[in-house]
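Residues per chain are reported as follows:
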Amino acid sequence: MTGTIELRAFMGLSDVFKERQWTNPMPFPLDEEVTGAELMAKLNIPMERVEVIFVNRFAITADDAVIHPGDRVALVPPGVPGPHRFLLGFKNRKV
């Protein structure tokens, strides 16, 4: 089975995408289920740079995320301002 995910990055992580000349959003090959940590390893992005991963519009802590081929994924770094945290659905995330 071959598949991809649609991967987006926000705030400072979008700069990482630009530095690496990745599109945003970027199709990323993914053939099997991976955890947030495994995806970050594949992307060579340290886990401490990602606070929340949105998977199909649901905010999940980076440590708890599970990604499947076909998912839409967005990476959000620490430092999102208070009102946006509430609107995005991760206001109670403990760092």
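Here the structure is shown first, and the text comes after it.
Residues numbered from 1 in each chain as written. Predicted model: local features only at pLDDT ≥ 70, side-chain atom pairs only at ≥ 80, totals over all residues. Heavy atoms only, no water.

(A) Region of the structure containing the environment of Gly-36. Tracing the sequence through the fold places Gly-36 in helix α2 (residues 36–43). Judged by relative accessible area, which is 0%, Gly-36 ranks as buried. Taking the C-alpha atoms as reference, Gly-36 lies 7.0 Å from Ile-67; in sequence the two are 31 residues apart. (Helix = DSSP H or I, 4+ residues; strand = E, 2+ residues; numbered from the N terminus. Buried < 20%, exposed > 50% of the residue type's maximum accessible area, 1.4 Å probe, protein only.)

(B) How the structure looks around the packing of aromatic side chains. Counted by the stated rule, this structure contains 1 aromatic pair. Judged by centre distance (5.0 Å) and plane angle (80°), the ring pair of Phe-17 and Trp-22 falls under edge-to-face. A relative accessible area of 26% places Trp-22 in the partly exposed class. (Phe/Tyr/Trp six-rings, centres within 6.5 Å; stacked < 30°, edge-to-face > 60°.)

(C) Layout of the pairing of strand β5 (residues 58–61). When strand β4 (residues 52–55) meets β5, the two strands line up antiparallel, connected through 4 bridges. Of the residues in β5, the one forming a bridge with Val-55 is Phe-58. Between β4 and β5, which pair antiparallel in sequence order, lie 2 residues; one of them, Asn-56, sits at a positive phi of approximately 50°. (Pairing = 2+ DSSP bridges.)

(D) Highlighting the environment of Val-34. Of note, Val-34 is situated in strand β3 (residues 34–35). Each C-alpha atom, one on Val-34 and one on His-68, is 6.7 Å from the other, the two residues being 34 residues apart in sequence. For Val-34, the residues in contact, after removing those within four places along its chain, are Leu-39, Lys-42, Ala-65, Val-66 and Ile-67. (Contact = heavy atoms within 4.5 Å.)

(E) Spatial organisation of the nonpolar core. In this structure, Leu-7, Leu-39, Leu-43, Ile-45, Ile-53, Ile-67 and Leu-75 are the most contacted members of the largest nonpolar core, which totals 22 residues. Residue assignment for this core shows that the elements contributing at least two residues are β1 (4–9), α1 (12–19), β2 (26–29), α2, β4 and β7 (72–76). Sequence-distant contacts of Leu-7, that is, excluding residues within four places in its chain, are made with Phe-17, Asn-24, Pro-25, Met-26, Phe-28, Leu-39, Leu-43, Val-73 and Leu-75. (Core = buried A, V, L, I, M, F, W, Y, C linked by side-chain atoms within 4.5 Å.)

(F) Molecular detail of the pairing of β7. Most of β7 sits out of view: 4 of its 5 residues are buried. Direction of pairing for β1 relative to β7: parallel, over a ladder of 4 bridges. What sits directly across from Ala-9, in β7, is Leu-75. Sheet topology places β4 next to β7; 4 bridges connect them, and they run antiparallel. For Val-55, the partnering residue across the bridge sits in β7 and is Val-73.

(G) Spatial organisation of the pattern of salt bridges. In this structure the tally under the stated criterion is 2 salt bridges. Glu-6 is the partner of Arg-8 in a salt bridge, and the nearest nitrogen-oxygen pair spans 3.2 Å. Under the relative-accessibility criterion, Arg-8 is labelled partly exposed at 29%. Taking the shortest distance from any N to any O, the salt bridge between Glu-6 and Arg-72 comes out at 3.3 Å. (Salt bridge = Lys/Arg side-chain N within 4 Å of Asp/Glu carboxyl O.)

Purely geometric stuff here, so don't read any function into it on its own.
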